[in-house]
Amino acid sequence: MSVDAKTVRRIAHLARIAVTDDEVAPLQDELNAILSFVEQLDAVDVADVEPMTSVTPMAMKSREDVITDGGHAREIVFNAPLTEDNYFVVPKVVE
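In this report, we go over the structure that sits alongside the text. (Residues numbered from 1 in each chain as written. Predicted model: local features only at pLDDT ≥ 70, side-chain atom pairs only at ≥ 80, totals over all residues. Heavy atoms only, no water.)

### As for the overall build of the chain
Line of reasoning, step 1. Within the chain, the regular secondary structure consists of 3 helices and 2 strands.
Line of reasoning, step 2. Its helices and strands taken in sequence order, the chain reads α-α-α-β-β from the N to the C terminus.
Line of reasoning, step 3. Taken over the C-alpha trace, the chain has a radius of gyration of 30 Å; the compact-globule value for 95 residues is 12 Å, which it surpasses by more than 25%.
Line of reasoning, step 4. Considered along the principal axes of its C-alpha atoms, the chain spans approximately 70 × 45 × 25 Å.
Line of reasoning, step 5. In the chain, which comprises 95 residues, the proportion classed as buried is 6%.
Line of reasoning, step 6. A sequence separation of at least 24 residues applies to 29% of the contacts in the chain between residues at least 6 apart.
Line of reasoning, step 7. Accessible area for the chain stands at about 9,500 Å²; split by element, carbon and sulfur atoms hold 58% of it. (Helix = DSSP H or I, 4+ residues; strand = E, 2+ residues; numbered from the N terminus. Rg over C-alpha atoms; globule rule 2.2 N^0.38 Å. Buried < 20%, exposed > 50% of the residue type's maximum accessible area, 1.4 Å probe, protein only. Contact = heavy atoms within 4.5 Å. Areas by Shrake-Rupley, 256 points an atom, 1.4 Å probe, with all protein chains shown as cover.)

Put into structure tokens, the structure is as follows:
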């Protein structure tokens, strides 16, 4: 795949970059070089490579899924200006 001058101007427009006519040809060469490098990556055989999310192998840390009541309701609402039965009391906003 190669990039022409019209495509360079379109990319510059989409990237909101001001490109003069003198800058189009060098940018075209650079974009074509980048695309040719990316095409080289197609030659790499990755059939036996497992997908990974990190460079280093890690096990996901997990905790036991236990239902609790929290046990901290009184401490949570302690500094609230107005509470009722361990709930925040706020002014009505919808009529």
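Continuing now.
### A look at the packing of helix α1 (residues 5-14) against helix α2 (residues 21-41)
Line of reasoning, step 1. Look at α1 against α2: their axes get within 9 Å of each other, and the N-to-C directions meet at 100°. Regarding the angle of α1 to α2, the classification is roughly perpendicular. Contacts between α1 and α2 involve Ala5, Val8, Arg9 and Ile11 from the former and Asp21, Val24, Leu27, Gln28 and Leu31 from the latter.
Line of reasoning, step 2. Across the contact of α1 with α2, the residue classes tally to 6 nonpolar, 1 polar and 2 charged. (Axes fitted to C-alpha atoms, helices over the stretch in contact; angles between N-to-C directions. Parallel < 35°, antiparallel > 145°, perpendicular 65-115°, else oblique. Nonpolar A, V, L, I, M, F, W, Y, C, P; charged D, E, K, R; others polar.)

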